[in-house]
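Here are the chains, one letter per residue:
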Amino acid sequence: MSRAPQKDSRLLLVEEEKILRRAVDLLGLGDDVYEALRLPERVIQVKIPVRMDDGSVKVFVGWRSQHNSALGPYKGGIRYHPGVTMEEVIALSMMMTWKNALAGLPYGGGKGGVRVDPHKLSPRELEQLSRGFIRGLYKYIGPDHDIPAPDVYTNPQIMAWMMDEYYRLTGIHHFGVITGKPKLLGGLETRIIATGFGVAVAAREVAKKMWGGIEGRTVAVQGYGNAGYYAAKFLHEMGAVIVAVSDSRGGIYSSKGLDPDEVKQVKNKTGSVIYYEKAERKITNEELLELDVDILVPAAIEDVITQENADKVKAKLIVEAANGPTTAEAEEILVKKGTVIVPDILANAGGVIMSHVEWMNNRIGGLITEEQAKDILEEKMSHNTRALWDYWHRELDTSKHPMRDAAYMMAVSKVVEAMKLRGLL
Ligand code: NAD
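Residues numbered from 1 in each chain as written. Predicted model: local features only at pLDDT ≥ 70, side-chain atom pairs only at ≥ 80, totals over all residues. Heavy atoms only, no water.

A.B. asks: Provide a residue-level description of the sheet that holds strand E7 (residues 218-222), including the pertinent values.
C.D. replies: As summarised here, the arrangement of the seven strands in space is E10-E9-E8-E7-E11-E12-E13, forming an open sheet in which the pairing is mixed. The sheet is open, and its two edges are formed by strand E10 (281-283) and strand E13 (340-342), each paired on a single side. Each neighbouring strand pair of the sheet contributes to a mean axis angle of 20°, computed without reference to strand direction. Across two bridges, strand E11 (residues 295-298) lies against strand E12 (residues 317-319) in parallel orientation. Bridge pairing links Ile295 to Leu317 in E12. (Pairing = 2+ DSSP bridges. Helix = DSSP H or I, 4+ residues; strand = E, 2+ residues; numbered from the N terminus. Axes fitted to C-alpha atoms, helices over the stretch in contact; angles between N-to-C directions.)

In structure tokens, the structure reads:
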């Protein structure tokens, strides 16, 4: 569902450790706390032999990293990608610990990955691989222990196979063992909109603080996939003006505003937003980032706002739908300019919040409606955004520290507090 991972996996782990170190230092906690938080609690490696369609046996390898469970069961997706490494999975599981803590969910952090190019497998081979991964993992997961979900190149069908394999091995219908399932098997359709809608709600709440509201504010969205399209759609519904959008082929601009649904229809038909004829002009992805807009939503890939272009970014508010779109060097430049950056760890948490609603729904027999699910998401995203804004202003000098520092401080202090209460620190 999401984009392919790009960053070198060792670098990713080093960066995650750096972020943790910074939060620990800002909170005035010691080296002992840093060490207690750094290492994952458990990493499971699974060897997955798959009988291929041509009769041969191919062996794949996958990992599940269970980073921290102080706040509850581990939670995080499983990705299928040829570049997956154990280090990457560990780094991402650490990120999930903070994301879940910041979102106020009763979850710890986990992440899984299988080193495979799923596009090269037949549906039967993909099913065997998914079932094989669960056979290696089932003793370590469960609705009260570790709850996987979809991530890069995994989807509801794969979640259904995994849930079924778990049932075959345990004999118990635990719908809550996995989230992101098809609706008929306990999933929620609202999951499709969750990340983008969450991004829009976070933008709206910060816009209220900065300008008294989001109505009439101009927005540029980079990336028009699941996160970018729904962010644009809901921002438009909230009264913002979507003046520019883009995808990997380029972008379009219209000072009067674009209709996100019309643009999406064109993208579905032609493969790109650039064929939308009602736009005033075509722009490049680089130009989009430097447009004179109020709000910029990077929703494509990482590291697009760098020290090379940060000075030229004119948006006063950046809401990170993508993971890691702003480099640390760029953020420093932007903070000096007074640009507000709503960090990915808060802004794109809509997906995992919806996973929590699905998990709750599975446990109470499916009483939650799609409308209620959306309401819960909106309530949580707006509350979390306001809470982070207040914490940032209360605890830090906002002219020196980005909102990201506050986000990690909030998340880390929650996990530390939970560990202390449990007697682990
Ligand atoms: P997607 O594959 O649905 O869409 C990605 C979009 O980005 C596509 O329109 C693609 O054309 C465009 N794109 C790719 N490379 C680009 C480039 N170089 N310049 C401009 N556009 C480019 O992916 P998604 O699920 O929407 O995820 C987008 C980002 O959001 C990723 O960073 C992902 O990790 C993050 N994210 C997504 C979710 C989710 O639930 N979808 C949750 C959390 C984080």
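A.B. asks: Give a description of helix H1 (residues 9-26) that names residues and reports values.
C.D. replies: Taking 1.5 Å per residue, 18 residues should reach 26 Å; H1 reaches 26 Å between its end C-alpha atoms and fits that length. By the burial criterion, the buried members of H1 are Ser9, Leu12, Leu13, Glu16, Glu17, Leu20, Ala23 and Val24. Buried positions in H1, seen along its axis, are confined to an arc of 135° and lie on one side of it. The exposed set on the far side of H1, more than 90 degrees from its buried face, consists of Arg10 and Lys18. One or two steps after H1, the chain reaches Gly28, where phi turns positive at roughly 70°. (Expected span 1.5 Å × (residues − 1). Buried < 20%, exposed > 50% of the residue type's maximum accessible area, 1.4 Å probe, protein only. Arc of directions from axis to C-beta.)

A.B. asks: If you had to explain the site of the ligand to someone new, which residues and values would you point to?
C.D. replies: Around the ligand, the structure places 21 residues, and the nearest of them are Thr195, Tyr224, Asn226, Ala227 and Ser248. Tyr224 has a polar backbone atom sitting 3.0 Å from an oxygen atom of the ligand. With respect to the ligand, the backbone of Gly225 contributes an N or O atom lying 3.2 Å from an oxygen atom. Surface burial for the ligand is 80%, taken as the share of its 830 Å² of free accessible area covered by protein chains. Of the residues contributing to the shell around the ligand, the split by class is eight nonpolar, ten polar and three charged. (Near = heavy atom within 4 Å. Polar contact = N/O pair within 3.5 Å; in protein donor to acceptor, adjacent residues only side chain to side chain. Areas by Shrake-Rupley, 256 points an atom, 1.4 Å probe, with all protein chains shown as cover. Nonpolar A, V, L, I, M, F, W, Y, C, P; charged D, E, K, R; others polar.)

A.B. asks: Let's hear about the packing of aromatic side chains: which residues, and what values?
C.D. replies: The full count for this structure, using the stated rule, is six aromatic pairs. Seen in terms of ring centroids, Phe197 and Phe234 are 4.8 Å apart; in terms of plane orientation they differ by 65°. Their pairing is edge-to-face. Linking Phe197 in helix H6 (residues 191-211) with Phe234 in helix H7 (residues 226-237), this pair joins segments that are 37 residues apart in sequence. Neither Phe197 nor Phe234 differs from the other in exposure class; each is buried. For the pair Tyr230 and Phe234, a centre-to-centre distance of 6.4 Å together with 25° between the ring planes defines the contact as stacked. Separated by four residues within a single helix, Tyr230 and Phe234 lie in helix H7, roughly one turn from each other. Among the residues examined, Tyr230 registers a relative accessible area of 16% and is labelled buried. Between the NZ or CZ atom of Lys374 and the centre of the ring of Phe197, over which it lies, the distance is 4.7 Å. (Phe/Tyr/Trp six-rings, centres within 6.5 Å; stacked < 30°, edge-to-face > 60°. Lys NZ or Arg CZ within 6 Å of the ring centre and 35° of its normal.)

A.B. asks: Describe the domain arrangement of the protein chain, and please don't skip the residues or the numbers.
C.D. replies: Examined at the domain level, the protein chain breaks down into domain 1 (9-174) and domain 2 (192-342). Placing the centre of domain 1 and that of domain 2 at their C-alpha centroids yields a distance of 30 Å. (Domains from an automatic or database assignment.)

A.B. asks: Describe in detail unusual backbone geometry, supporting the description with residues and values.
C.D. replies: In this structure, Tyr153 takes a positive phi of about 60° despite not being glycine. With respect to the helices and strands, the residue Tyr153 is situated in the loop between strand E6 (146-147) and helix H5 (156-170). The partly exposed category is assigned to Tyr153, whose relative accessible area is 30%. Despite not being glycine, Asp303 shows a phi value in the positive range, around 55°. Relative to the helices and strands, Asp303 resides in the loop between E11 and E12. With a relative accessible area of 31%, Asp303 lands in the partly exposed category.

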